Amino acid sequence: MLRVGGLTPLSTTDWPGMLAAVVFCQGCPWRCGYCHNPGLIPARGESEIPWDDVMAFLRRRQGLLDGVVFSGG
C-alpha cells in the first residue's frame, strides 16, 4: 500500500496548464541536501493519510481535475 504523507487538493503550478491534485509519497532512501520535503524522508510519518481516503478524494474530484501529480518520498 502506498504511504501518503500529504495531499494538495488543487494545484495550478505542479502541472503547468493543468488543474491537478498533488499526492506526496512518504518515505525516501535518499538524503538530498536540497530536499524541500524533509518530513517525507522517514518511511513512516506523523500525518499519514490512508490510501483509501486519497482514492475517495480523487474519485470525488473526477472530471474536475486534469490529473494527479505524485511527488515526495
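Calculation criteria
- Residues numbered from 1 in each chain as written.
- Predicted model: local features only at pLDDT ≥ 70, side-chain atom pairs only at ≥ 80, totals over all residues.
- Heavy atoms only, no water.
- Pairing = 2+ DSSP bridges.
- Helix = DSSP H or I, 4+ residues; strand = E, 2+ residues; numbered from the N terminus.
- Axes fitted to C-alpha atoms, helices over the stretch in contact; angles between N-to-C directions.
- Contact = heavy atoms within 4.5 Å.
- Salt bridge = Lys/Arg side-chain N within 4 Å of Asp/Glu carboxyl O.
- Buried < 20%, exposed > 50% of the residue type's maximum accessible area, 1.4 Å probe, protein only.
- Core = buried A, V, L, I, M, F, W, Y, C linked by side-chain atoms within 4.5 Å.
- Polar contact = N/O pair within 3.5 Å; in protein donor to acceptor, adjacent residues only side chain to side chain.

Participant: Summarise the sheet that holds strand S2 (residues 20-25); cite the residues concerned and give the values.
Facilitator: The strand order across the open sheet formed by three strands is S1-S2-S3, and the pairing between neighbours is mixed. Single-partner strands in this sheet number two, and they are strand S1 (4-11) and strand S3 (67-72). Neighbour to neighbour, the strand axes of the sheet diverge by 20 degrees on average, direction disregarded. Of the strand pairs in this sheet, S1 and S2 are connected by five bridges, and their pairing is antiparallel. Within S2, the residue paired with Val4 across the bridge is Cys25. Running over the sheet, helix H1 (residues 51-60) touches S1, S2 and S3 and is turned about 10 degrees from S1.

Participant: Help me get a handle on the pattern of salt bridges, residues and values and all.
Facilitator: A side chain of one charge can pair with a side chain of the opposite charge when the charged atoms of the two come close. A full pass over the atoms with the stated rule returns one salt bridge. Here Arg44 makes a salt bridge to Glu48, at a shortest N to O gap of 3.6 Å. For Arg44, a relative accessible area of 55% puts it in the exposed group.

Participant: Lay out the nonpolar core in plain terms, naming residues and giving numbers.
Facilitator: Judged by nonpolar contacts, Val4, Ala21, Val23, Val54, Phe57, Leu58 and Leu65 together constitute the single largest core of seven residues. Taken together, the elements giving at least two residues each to this core come down to S2 and H1. For this core, the element with the highest residue contribution is H1, accounting for three residues. Judged by nonpolar contacts, the second largest core, of five residues, contains Ala20, Phe24, Leu40 and Val69.

Participant: Provide a residue-level description of the environment of Glu48, including the pertinent values.
Facilitator: Summarising the element assignment, Glu48 is placed in the loop between S2 and H1. According to the relative accessible area criterion, Glu48 is partly exposed, its value standing at 27%. C-alpha separation for the pair Glu48 and Arg3, spaced 45 residues apart in sequence, amounts to 6.8 Å. The residues touching Glu48, leaving out its near neighbours within four places in the chain, are Arg3, Val4 and Ala43. A distance of 3.2 Å separates a polar side-chain atom of Glu48 from the backbone nitrogen of Gly45.

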